[in-house]
Amino acid sequence: MDYKKLLFNIDIPSGHNPAGGMLLVSEPFLHEEYFNHAVIILADYQKGGTAMGVVLNNESRYSLQELISDVMVETPIPVFSGGPLADDHLFFLHTLGDLIPDTHPVCDGLWIGGDFDAMRRILNDGYPIEGNLRFFLGYSGWSENQLDGELRNNVWAVTSAPDPHALLRGSGDAFWHETVRSMGGDYRGWLYHPRDPMNN
């Protein structure tokens, strides 16, 4: 039994089922490097099978301009740590739809990937980035039945995604807290638990 969850009465009410476009919100005491106070959007989920998503709120030390050439935007564009897998590959979420060829829908109004040259041209033309584009190094993935097991063990809460533009704004702990607040009163207690119960 997880003493932290018992001591601090951490539980996850029954709610949404996981699916592509849903959010995974880490329970307060999950301390893995990539997943501490993480909010993940699932890009793909198969019940009993595999799953894939990216951590939305874990900003890396890199800017996009440091990683790829020919981005002419002067203001540094943050790159986020999407997860521990393929962390030498760049991924992006966006609200631009078919303006980016070969893109794939995640949920209504949100897409992942597509033609990188088209994306770079849109950036260089001055299209607003905040709330419309977010870049990630790596992704989060689960093998067959792995995510289902973690959900049974209350590692994650599942919730619906807000307006896609809101998913591509904000970062860090504040993003996690805002998401938890949006999940309603059943989760209010999550906001008051110390990140490390040994420091309480």
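Rules behind the numbers
- Residue indices follow the written sequence of each chain, beginning from 1 at its first position.
- Confidence filtering applies because this is a predicted model: local features only for residues at pLDDT of at least 70, side-chain atom pairs given and counted only at 80 or more, and all residues used for totals across whole chains, interfaces and linings.
- Excluding hydrogens and water, the side-chain figures rest on all heavy atoms present in the structure.
- Note on conventions: DSSP H or I runs of at least 4 residues are helices, E runs of at least 2 residues are strands, and numbering of each starts at the N terminus.
- Per-residue accessibility, obtained with a 1.4 Å probe over protein chains only, is compared with the maximum for each type, and a residue is labelled buried under 20%, exposed over 50%, and partly exposed between these values.
- Counted as a polar contact is a pair of N or O atoms within 3.5 Å, where, for protein atoms, one must be capable of donating a hydrogen and the other of accepting one, and residues adjacent in sequence contribute only when both atoms are in side chains.
- Only strands that DSSP links by at least two bridges are regarded as paired with each other.
- Within 6.5 Å between ring centres, the rings of Phe, Tyr and Trp (the latter by its six-membered ring) count as paired, and their orientation is classed by plane angle as stacked under 30 degrees, edge-to-face over 60, tilted in between.

Regarding the environment of Asp88
Take Asp88: it is sitting in strand 6 (residues 85-94). When its relative accessible area of 63% is taken as the criterion, Asp88 is described as exposed. For the pair Asp88 and Phe136, spaced 48 residues apart in the sequence, the C-alpha separation amounts to 9.9 Å. Side-chain polar atoms of Asp88 contact the side chain of His89, separated by 2.7 Å.

Describing the pairing of strand 2 (residues 39-45)
Within strand 2, five of the seven residues are buried, leaving the element largely enclosed by the surrounding structure. Bridge count between strand 1 (residues 23-26) and strand 2: three bridges; the pairing is antiparallel. Considered in strand 2, the bridge of Val25 is made with Val39. Here strand 2 runs beside strand 3 (residues 51-55); their pairing, made up of five bridges, is antiparallel. Looking at the pairing, Asp44 lines up with Met52 of strand 3.

So, the packing of aromatic side chains
Scanning the model with the defined rule gives eight aromatic pairs in all. Ring geometry for Phe35 and Trp156: centres 5.7 Å apart, planes at 80 degrees, overall edge-to-face. In this pair, Phe35 sits in the loop between strand 1 and strand 2 while Trp156 sits in strand 10 (residues 156-159), placing the two residues 121 residues apart along the sequence. The residues Phe35 and Trp156 share a single accessibility class, namely buried. With a centroid separation of 6.2 Å and an interplanar angle of 50 degrees, the aromatic rings of Phe80 and Phe136 are classed as tilted. Note that Phe80 is positioned in strand 5 (residues 78-81) and Phe136 in strand 9 (residues 133-142), a separation of 56 residues in sequence. Assessed through its relative accessible area of 0%, Phe136 is described here as buried.

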